[in-house]
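One letter stands for each residue in the lines below.
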Number of protein chains: 2
Amino acid sequence: MTAVRVGLLGLGTVGSQVAERLSREAFVTERAGVPVELARVLVRDLNKPRAYAPPRELLTTAPEEILDDPSIAVIVEVMGGMEPARSHIEHAIESGKAVVTANKEVMAHHGPTLLELAKARGVDVYFEAAVGGGIPLISTFKIDLLANEISRIEAVINGTTNFIIDRMARDGVGFDAALAEAQALGYAEADATYDVEGFDAVFKLCIMSSIAFRTRIHPAEVYREGIRDLDPVDFAYAAELGYAIKLLAQARADGDEVEVRVHPTCVPTSHLLAAVHGAYNAVLIEGDLVGPVLLYGQGAGGRPTASAVVGDIIDLVFSMRKGISNRIAVDFSRAPRRRPMDQVRTAAYLRLHVADRAGVLAEVTRVLGELGISISSIVQKALIVEHAAAELVILTHPARECDLLAARERLASLSSVYAVPAFLRALSEAR
Amino acid sequence: MTAVRVGLLGLGTVGSQVAERLSREAFVTERAGVPVELARVLVRDLNKPRAYAPPRELLTTAPEEILDDPSIAVIVEVMGGMEPARSHIEHAIESGKAVVTANKEVMAHHGPTLLELAKARGVDVYFEAAVGGGIPLISTFKIDLLANEISRIEAVINGTTNFIIDRMARDGVGFDAALAEAQALGYAEADATYDVEGFDAVFKLCIMSSIAFRTRIHPAEVYREGIRDLDPVDFAYAAELGYAIKLLAQARADGDEVEVRVHPTCVPTSHLLAAVHGAYNAVLIEGDLVGPVLLYGQGAGGRPTASAVVGDIIDLVFSMRKGISNRIAVDFSRAPRRRPMDQVRTAAYLRLHVADRAGVLAEVTRVLGELGISISSIVQKALIVEHAAAELVILTHPARECDLLAARERLASLSSVYAVPAFLRALSEAR
């Protein structure tokens, strides 16, 4: 078999690292068994300075020069964003080229469709790099844990929000200041919506849970809340109660139902995910045979992501050398019901501003009791003397979301309750 | 493609869980794409009661009834031990059958040879279950991290010793008592040598590092020290200095040299592996692109191991359906030099019984200084009044093992030093 020619779409943080690694010819050939040649590279600007620059004559601004080149067997898409990335991937598949992509947005929205198209066309689409940088997550779901019925995924899967949360938790910094700092350090984009509002985590959770639960979970089906409304005071109170606050991505399969959600969550400090800091990601998977498995590593960045991209290229070349494709059929044919968010059972953390007088606690606990919500711990916090008010922090046992929301509303309407400034879900079990 | 017929060798803790999972026909067919049928099961005793009992007519005590049955395409070896397991695997390969094995002892000693034989015979040998139960370690080294030059493996990979160590660290129990407890609870065998002396960890480290470093590392090449000589007092002192003691399996590649070793090690409490307790295993892998990656889960037991075995069976069936084998060539052709243990650089923890008089500290530090060993911290501990003696605990910066051993010897020969009851290596960096 002669050299496998690769067309690279994008030469940014990830693309330049992929190009650099592929330029190590002896290294790649030793591992792939045949030479892998970087044939062409799609860029927007031919003259931009880059971390690693492939030979100038390989660069082009015309996608068709790559997508329509019959000598190119593999397209590596590392441009990011929905379009034109999605169209290029589709075009590549239709031209009979295999695809390696790091694109979570495309794979979360169109992965199953593209995989189906690829199957029909007899080519492979690999996307390990779309979730968690170089952490081997996709392969774990696609192959390694296939003997299991997966019941649960819990993940800290967005580095930007985790950096911000660390700053808020450790130093009591407010959200806006922590975000500004993350932006100044290059950990957050100028427009941080994608990360801060939880979209990025939703995309990654869709990709993982669709494979794990063998059903097509669309981003619009995922309950989503970002971290913008977190208050530093709640990190301190949660810590006193033995909890860290994380932007947690969770997916559960329970009988014929699945639930998928991304929101700030109080996590017991003894839980493995409570110790995941900064740019690190970790995914805890629960399978019925394997029990809990945790995979941890750098969740983003040029080099970790290039590890997954080039790993996929080599894996793909292994199959090409054997003349096969679609060895692993990722299957989305199951149709479990989606549990509506208000039917989800979760523990909760509530912070109340209450009147500093006798009988308030009784009123509050009565409201919770009437809704069948039992209390795990309750703490009266800092007295705000000038308002004759106190802060009450309540941690509940698991209850239905709809009852928790009703409780929040009824509590807020009590004359002795001035406000309910914080309502967070909590994990009730450690790991 | 018709059903794939599987012959199972062994129906113990792991084998019965494999049989149970394969008995879920719809589940396995959904995942493998074709039915996987448990054809025959090799047992020693036809009448032994078992966790899951396949139909009685499948059981046999005659290995040739399975190994020579041309209708059986896959042999699953979960007997454990060297012989007759190794011979059965070899026999199966020579008969053109694919093999899935959970046997670390066979794979550590004969893996490369068996894989070569399998390649020549055009069949596959899978062994994910040989290391770390259901944690996807082998596939991570074989495929996912192929784009990386792996520089380091650090692992807590033996649950029995980790249980004993937990008891010693948490409750100050002595080794013998902790071992007896582990045996009473079924966490340790009656003859615990295999675990306690580090052989089990050596086998697992050989398998991982041979793949990672692309060279054939034999168990005899691994430096090995068990946990039998650990003293509970050192757990307490190490904790004061910010360290946990773990039986750590370590492999490093450094230029043209590799080092592989299993011994008790002081691990900074902030290191991820310091938090691995009881029956859990964790492997930290450092690749030049991916950075550090941690994989964590239950390292043994019937169900976690069956997760890996049945996962391998399904993966194998994927290749059989495509009519291929040996898609991934595991390569052991590199020949890095082995760094002798006395040339390894490591930090160290020393505990000394010294005379309780002026000038002793100066003598001790002079000996270390003459050998070029610098001190990270030094603490004078519990005075033993009746002997006019004190305990001195020293943590060094990294130095060559030969210099550390020379220091231990010279220190022991000082008139002011009564004994050097503890010498442990330490990791100097947190993770």
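As the structure is a computational prediction, the values presented were derived from the model and not from experiment.

Reading the values: rules and limits
- Residues numbered from 1 in each chain as written.
- Chains lettered and ligands numbered in written order.
- Predicted model: local features only at pLDDT ≥ 70, side-chain atom pairs only at ≥ 80, totals over all residues.
- Helix = DSSP H or I, 4+ residues; strand = E, 2+ residues; numbered from the N terminus.
- Rg over C-alpha atoms; globule rule 2.2 N^0.38 Å.
- Buried ≥ 20, exposed ≤ 12 C-beta atoms within 10 Å, placed from the backbone.
- Contact = placed C-beta atoms within 7 Å.
- Pairing = 2+ DSSP bridges.
- Domains from an automatic or database assignment.
- Core = buried A, V, L, I, M, F, W, Y, C linked by C-beta atoms within 7 Å.
- Least-squares fit on C-alpha atoms with pLDDT ≥ 70 in both.
- pLDDT = per-residue confidence, 0-100.
- Nonpolar A, V, L, I, M, F, W, Y, C, P; charged D, E, K, R; others polar.
- Expected span 1.5 Å × (residues − 1).

**Here we look at the overall build of chain A**
When you go through chain A residue by residue, the secondary structure sums to 14 helices and 18 strands. Taking 431 residues into account, the globule formula puts the C-alpha radius of gyration at 22 Å, and chain A, at 24 Å, falls close to it. Taken over the C-alpha atoms alone, chain A extends approximately 85 × 45 × 30 Å along its principal axes. When burial is assessed residue by residue, chain A has 53% of its 431 residues classed as buried. Restricting the contact set of chain A to residue pairs at least 6 apart, pairs at least 24 apart contribute 74%.

**What to know about the sheet that holds strand 2 (residues 36-42) of chain B**
Residues and elements named next belong to chain B. Spatially, 6 strands are ordered 3-2-1-4-5-6 in an open sheet, and the strand pairing comes out parallel. Strand pairing shows two members of the sheet lacking a second neighbour, strand 3 (59-60) and strand 6 (125-126), which therefore form its edges. One ladder, built from 6 bridges, connects strand 1 (residues 4-9) with strand 2; its direction is parallel. Among the inter-strand pairings, L8 is bridged to a residue of strand 2, identified as V41.

**Describing the domain arrangement of chain A**
Taken domain by domain, chain A comprises domain 1 (4-134 + 302-321), domain 2 (137-298) and domain 3 (341-426). Computed from C-alpha coordinates alone, the two centres of domain 1 of chain A and domain 3 of chain A are separated by 51 Å.

**Thoughts on the nonpolar core**
In terms of nonpolar packing, the biggest core is built from 305 residues, with A:L205, A:A282, A:V309, B:L205, B:A282 and B:V309 touching the most fellow members. When residues no more than four places from it in sequence are discounted, the contact partners of B:A282 are B:A155, B:V156, B:L272, B:L273, B:V276, B:L294, B:L295 and B:Y296.

**Considering the relation of the copies chain B and chain A**
Mapping chain B onto chain A calls for a rotation angle of 180° and an axial translation of 0.0 Å; the resulting RMSD is 0.0 Å. Both copies of the chain, as the preceding transformation shows, are related through a two-fold rotation axis. Across chain B, the smallest distance between a C-alpha and the rotation axis is recorded for B:L295, namely 2.4 Å. An overlap of 100% is found between the interface residues of chain B and their copies at the interface of chain A, pointing to a shared contact surface.

**Quick look at the environment of A:S210**
All names here are of chain A. Among the secondary structure elements, S210 is positioned in helix 10 (residues 199-213). Judged by local crowding, S210 falls into the buried class, with 25 C-beta atoms found within 10 Å. A sequence separation of 47 residues divides S210 from E257, and the C-alpha atoms of the two residues are 13 Å apart. Not counting the four nearest positions on each side in its chain, S210 is found in contact with G111, P112, T215, R216, I217 and F332.

**Looking at the confidence of the model for chain A**
Chain-level statistics for chain A give a pLDDT mean of 95 and a share of 99% at 70 or above. Our summary of model confidence lists the complex with pTM equal to 0.97 and ipTM equal to 0.96.

**Structural notes on the interface of chain B and chain A**
Chain B puts 40 residues into the contact, and the matching count from chain A is 40 residues. Top element by residues in the side of chain B that touches chain A is helix 12 (residues 302-321) of chain B. It accounts for 10 residues. Taken together, the residues of the side of chain B that touches chain A break down into 21 nonpolar, 12 polar and 7 charged. Bridge count between strand 12 (residues 291-298) of chain A and strand 12 (residues 291-298) of chain B: 5 bridges; the pairing is antiparallel. What sits directly across from A:V293, in strand 12 of chain B, is B:G297.

**What about helix 10 of chain A?**
Residue and element names in this part refer to chain A. With 15 residues, helix 10 should reach 21 Å at 1.5 Å per residue; the first-to-last C-alpha distance of 20 Å fits that figure. In terms of burial, helix 10 is largely enclosed, as 15 of its 15 residues are buried. Just downstream of helix 10 lies R214, where phi reads positive at about 55°.

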